Amino acid sequence: MNAKARDLDALPAHIARPLPGRAPLKLRWSAMARIAWGMMFHQKLKLFGTLFGVVFATLLANQQIATFLGLMHKNTMYVKAQDAEIWITAPSTQQLPPGQTISEAALMQARAVPGLAWAEPVVVGAGTVSLPAGGREPVTLIGVKLPHRAGGPWNMVAGDGSVIEQPDTLTFEDAEREKLGGLNIGSVREVNGKRVYVGGFTWGLLPFGPSYAFGEYDTVRRLLNLEKDQVSFVLGKLAPGADATAVADELRRRLPDVQVMTRDGFRDTIISYILKQTAIGVTFGTSALFGLIVGFVIVSLSMLSAVVDNLREFGTLKAVGATNWDLSKLLFIQAVTYALMGSVIGLGLVTRVAKGISGAKLSLILPPELLIGSVVVMTVLCVAASSMALMRIRKLEPAMVFR
Amino acid sequence: MKYAIDARSVTKVYGEGDVAQRVLEGCDVQVPHGEFMMLVGPSGSGKTTLLSILGCVLRATSGEVRLFGEAITGVPENHLSRLRLSYIGFIFQGHNLLASLSAEDNVAVQLQLRGYPTKEARREARALLDRVHLAGKYHRRPAELSGGERQRVAIARAVAGAPPIILADEPTASLDAANGALVTELLRELARERGHTVVCVTHDNRIFSLADRIVRIEDGKILADHRERAA
Ligand SMILES: Nc1ncnc2c1ncn2[C@@H]1O[C@H](COP(=O)(O)OP(=O)(O)OP(=O)(O)O)[C@@H](O)[C@H]1O
Ligand SMILES: [Mg+2]
């Protein structure tokens with residue numbers, strides 16, 4: 001027993017003894033949580049202000065990203081909708097439609113490669129629809145081979161895929177019916193100067209460029225005036241158990257003059273082409289970032305002002321034994337609470353907005369990764385935003401409580 | 001370790017150079033265990049400054065202060081909060097309660113910081129509020145209590161967890177005479193029951209009679225050997 005402990009033992013029994021000092025970490029977290037939530041919900045105006053910042057950031061950033069993803073989806077949906085995993089096309093192809101065609105010989109080669117269950121040709125090119133009232137509208141013509149119809153129309157709202165088996169018959173996009181002069185099933189139009197019949201309508205197949213119009217292979221070849229033996233794509237379906245990368249490698253070896261891509265590879269190529277050719281990524285990215293910055297500033301300032309308005313309380317907490325670390329726990333708990341509440345509200349709103357806005361021309365896509373990512377990003381943002389408030393607290397002298 | 005508080009030659013200078021102001025000059029203060037001491041003196045004489053140094057919220061420029069034999073002068077800044085938890089309960093001129101928390105939570109938080117698990121903290125907080133005659137007002141926020149009631153919650157918080165030393169800076173300043181006397185009597189009773197050593201700064205001559213001893217400070221100097229016993 002040391003001298004000091006002996007001294008304490010010698011004190012009269014009724015005298016209060018020195019205490020052990022700091023409580024265990026768990027209790028300090030619990031005390032700070034009690035204060036953190038007490039303060040947050042006591043100051044309703046600040047609570048709403050801060051939440052507004054988080055909700056705004058969540059809403060704007062997600063809306064921008066979801067719109068961007070929706071646009072990327074519209075531009076790759078043709079590729080993604082096909083069950084063919086292998087796409088053979090001209091070396092220069094980076095988007096739909098390709099600028100160049102390849103020889104039909106690739107089709108024969110592809111059919112000879114082990115690992116492909118089938119291979120089918122597709123032709124794609126620009127079409128111009130002459131409107132009855134004068135004027136013209138562009139479409140993207142896609143011709144597919146019967147009876148397989150690989151690469152053919154899907155998402156039909158009127159008629160079905162088989163309508164293109166009728167002579168000189170195309171399907172058009174439902175959302176473009178007005179634009180194309182009030183199309184109906186059975187309407188007759190001139191496309192590239194030749195008469196065609198409207199056989200059915202697809203829904204929502206709208207990339208950046210002209211909408212898709214599907215027809216039988218030879219019909220479309222004729223409309224496009226394609227040279228004999230030229231195709232835009234050869235689509236290949238893997239045999240059960242075959243590996244897409246291995247089959248693609250084998251095809252590349254056998255067909256050195258063409259480009260062989262997997263379905264995912266082609267999708268990625270289209271997206272990176274769009275990102276490079278247009279400022280769309282930057283535009284949406286900037287808006288999303290703007291949302292985050294505004295949210296950060298709002299959360300920063302309102303958390304700081306909550307501290308500045310309550311300096312005496314924070315000073316008192318320091319005087320009665322809370323350390324800077326304890327008070328950073330307090331701010332951390334508040335920041336995380338703001339982030340969780342705000343992002344849940346924000347995501348609820350953006351989901352509703354997405355439902356409201358989505359249509360044939362635009363769909364907002366909110367994948368689960370984005371939703372989870374938002375919560376994480378908002379948490380990081382709010383915790384970072386609390387640092388101004390923390391700096392103010394750290395500077396606070398506990399002696400101020402006596403002033 | 002004859003004294004609960006043993007301060008020797010404590011000097012405090014605010015500022016530096018031309019603006020330097022000597023606020024305390026060689027102060028010696030010894031407070032025996034369990035004493036209820038009052039510190040009195042004119043405005044600006046350095047009472048709050050001295051109390052802040054004894055309370056480990058302000059560091060003396062020179063001199064030595066021991067609490068229960070432990071030197072608190074010269075310890076690093078980040079150890080001071082540990083010392084406050086070990087030794088000190090504060091009562092301020094204003095109540096300084098957290099406006100957003102109930103009376104019970106204001107006391108319970110102090111208990112948690114002193115190591116009481118959540119449930120015990122709640123039980124002990126209520127017991128202390130009962131003791132300061134606030135039974136049934138556990139869930140009131142400070143704004144829903146009278147000035148005297150608030151100061152009683154502040155007393156409950158100061159003694160929560162039984163720190164050996166209670167430092168009070170004009171605890172009756174914001175109260176009327178009757179309430180001031182009541183609150184001081186309550187503090188006095190609690191201190192006697194629980195063995196707290198109390199230093200209470202006051203201007204309020206109506207409560208002088210409650211002190212074991214009154215120490216006078218003027219111009220930063222403790223008036224020599226001023227050991228008046230209350231009548
Ligand atoms: N942080 C500070 N910086 C500079 N000077 C200070 C500071 N705090 C106090 N002083 C000065 O120190 C002197 C003593 O102040 P202190 O607050 O200790 O007096 P007091 O005895 O408590 O007065 P009162 O009875 O009015 O509360 C005063 O002249 C004051 O102006
Ligand atoms: Mg004072």
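Residues numbered from 1 in each chain as written. Chains lettered and ligands numbered in written order. Predicted model: local features only at pLDDT ≥ 70, side-chain atom pairs only at ≥ 80, totals over all residues. Heavy atoms only, no water.

Engineer: Which parts of the structure should I look at to understand the overall build of chain B?
Structural biologist: Looking only at helices and strands, chain B features six helices and 10 strands. Expected size for 231 residues packed as a compact globule is a radius of gyration near 17 Å; at 17 Å, chain B falls within 12% of this value. Taken along the three principal axes of its C-alpha coordinates, chain B extends 50 × 40 × 35 Å. Expressed as a percentage of the 231 residues in chain B, the buried residues total 58%. Here the analysis covers contacts within chain B between residues at least 6 apart in sequence; of these, 70% occur between residues at least 24 apart. Here chain B displays about 9000 Å² of accessible surface, and carbon together with sulfur accounts for 46% of that area. Charged side chains in chain B number 30 positive and 28 negative. The centres of these two groups are separated by 4 Å. (Helix = DSSP H or I, 4+ residues; strand = E, 2+ residues; numbered from the N terminus. Rg over C-alpha atoms; globule rule 2.2 N^0.38 Å. Buried < 20%, exposed > 50% of the residue type's maximum accessible area, 1.4 Å probe, protein only. Contact = heavy atoms within 4.5 Å. Areas by Shrake-Rupley, 256 points an atom, 1.4 Å probe, with all protein chains shown as cover. Lys, Arg positive; Asp, Glu negative; His and termini not counted. Charge placed at Lys NZ, Arg CZ, Asp CG, Glu CD.)

Engineer: Just to check I follow, could you spell out the overall build of chain A for this structure?
Structural biologist: Per the secondary structure count, chain A includes 12 helices and 12 strands. Dimensions of chain A along its principal axes, counting C-alpha atoms only, are 110 × 50 × 30 Å. In chain A, buried positions account for 51% of the 403 residues. For chain A, contacts bridging at least 24 residues in sequence account for 79% of all contacts bridging at least 6.

Engineer: Help me understand the packing of aromatic side chains, please; the structure alone is not making it clear to me.
Structural biologist: For any pair of aromatic rings, the description rests on two quantities: the centre-to-centre distance and the angle between the ring planes. Residues and elements named next belong to chain A. Summed over the entire model, instances satisfying the criterion amount to 16 aromatic pairs over all chains. A ring pair is formed by Tyr-78 and Trp-87, whose centres lie 6.0 Å apart and whose planes are at 80°; its orientation type is edge-to-face. Of the two residues, Tyr-78 and Trp-87, neither departs from the other in class, the shared state being buried. Taking 6.0 Å as the distance between ring centres and 50° as the angle between the ring planes, the aromatic pair formed by Tyr-78 and Trp-154 counts as tilted. Note that Tyr-78 is positioned in helix α3 (residues 44-81) and Trp-154 in the loop between β4 (136-144) and β5 (156-158), a separation of 76 residues in sequence. Using a relative accessible area of 1% as the deciding quantity, one classes Tyr-78 as buried. For Trp-154, a relative accessible area of 21% corresponds to the partly exposed category. Through successive ring pairs, a cluster of aromatic residues spans Tyr-78, Trp-87, Trp-154, Tyr-212, Phe-214, Phe-233 and Phe-266. Positioned above the aromatic ring of Phe-201 is the side chain of Arg-177, whose terminal nitrogen or guanidinium carbon lies 4.5 Å from the ring centre. (Phe/Tyr/Trp six-rings, centres within 6.5 Å; stacked < 30°, edge-to-face > 60°. Lys NZ or Arg CZ within 6 Å of the ring centre and 35° of its normal.)

Engineer: Could you clarify how one ought to interpret the sheet that holds strand β8 (residues 197-201) of chain B in this entry?
Structural biologist: Either a parallel or an antiparallel arrangement is found when strands of a sheet pair, and the pairing is made through backbone hydrogen bonds. All names here are of chain B. The mixed open sheet is built from six strands, whose spatial order is β6-β7-β8-β3-β9-β10. Each of the sheet's edge strands pairs with one partner strand only, and the pair in question is β6 (88-91) and β10 (221-222). Note: strand β9 (residues 213-218) against β10, two bridges, orientation antiparallel. Following the sheet pairing, Glu-218 is matched in β10 by Lys-221. Here helix α6 (residues 177-194) sits on the sheet in contact with β3 (36-40), β6, β7 (165-169) and β8, set at roughly 140° to β3. (Pairing = 2+ DSSP bridges. Axes fitted to C-alpha atoms, helices over the stretch in contact; angles between N-to-C directions.)

Engineer: Would you explain the domain arrangement of chain A in this entry?
Structural biologist: Interfaces are often sized by the amount of accessible area the parts lose when they come together. Residues and elements named next belong to chain A. For chain A, the assigned domains are domain 1 (3-71 + 280-402) and domain 2 (91-257). Here the C-alpha centre of domain 2 lies 54 Å away from the C-alpha centre of domain 1. The interface is formed by five residues belonging to domain 1 together with seven residues belonging to domain 2. Three residues stand out in domain 1 for area buried against domain 2, namely Leu-71, Ala-360 and Lys-361, and they jointly supply 83% of the buried area on that side. The interface formed by domain 1 and domain 2 includes zero residue pairs in polar contact (both at pLDDT 80 or more). A per-class count over the side of domain 1 that touches domain 2 returns three nonpolar, one polar and one charged. (Domains from an automatic or database assignment. Buried area = accessible area lost by both parts, 1.4 Å probe. Polar contact = N/O pair within 3.5 Å; in protein donor to acceptor, adjacent residues only side chain to side chain. Nonpolar A, V, L, I, M, F, W, Y, C, P; charged D, E, K, R; others polar.)

Engineer: Would you explain the interface of chain A and chain B in this entry?
Structural biologist: Each partner contributes to the interface: chain A provides 41 residues, whereas chain B provides 50 residues. Buried surface at the junction of chain A and chain B, summed over both partners, amounts to about 3800 Å²; 63% is from carbon and sulfur atoms. For the pair chain A and chain B, the number of links is one salt bridge. A salt bridge links Asp-105 of chain B to Arg-34 of chain A, with the nearest nitrogen and oxygen atoms 2.6 Å apart. For the side of chain A that touches chain B, the leading source of residues is helix α2 (residues 25-42) of chain A, giving 10 residues. (Salt bridge = Lys/Arg side-chain N within 4 Å of Asp/Glu carboxyl O.)

Engineer: Hey, could you run me through the site of ligand 1 in this one?
Structural biologist: Every one of the 14 residues lining ligand 1 counts as a neighbour, but Ser-43, Gly-44, Lys-47, Thr-48 and Thr-49 of chain B are closest to it. Close to ligand 1, residues of chains A and B are found. Within the side chain of Lys-47 of chain B, an N or O atom sits 2.7 Å from an oxygen atom of ligand 1. About the coverage of ligand 1: the protein hides 66% of its 640 Å² of free accessible area. Elements that contribute at least two residues to the shell around ligand 1 include exactly β2 (21-32) and α1 (47-54) of chain B. Considering every element that reaches the shell around ligand 1, the biggest residue donor is α1 of chain B, with three residues. Looking at side-chain class alone, the shell around ligand 1 contains three nonpolar, eight polar and three charged residues. (Near = heavy atom within 4 Å.)

Engineer: Just to check I follow, could you spell out unusual backbone geometry for this structure?
Structural biologist: Peptide bonds are mostly trans, and most non-glycine residues show a negative phi. Residues and elements named next belong to chain A. Residue Leu-96 is joined to Pro-97 through a cis peptide bond whose omega torsion reads -5°. Here Pro-97 shows up in the loop between β1 (86-89) and β2 (102-103). Note the cis peptide between Leu-146 and Pro-147, where omega equals 0°. Within the secondary structure layout, Pro-147 lies in the loop between β4 and β5. Within the chain, Arg-149 stands out as a residue other than glycine whose phi angle is a positive 60°. Position of Arg-149 relative to the elements: it lies in the loop between β4 and β5. For Arg-149, a relative accessible area of 27% translates into the label partly exposed. In the Ramachandran plot, Asn-192 falls in the positive-phi region, its phi being about 50° despite a non-glycine side chain.

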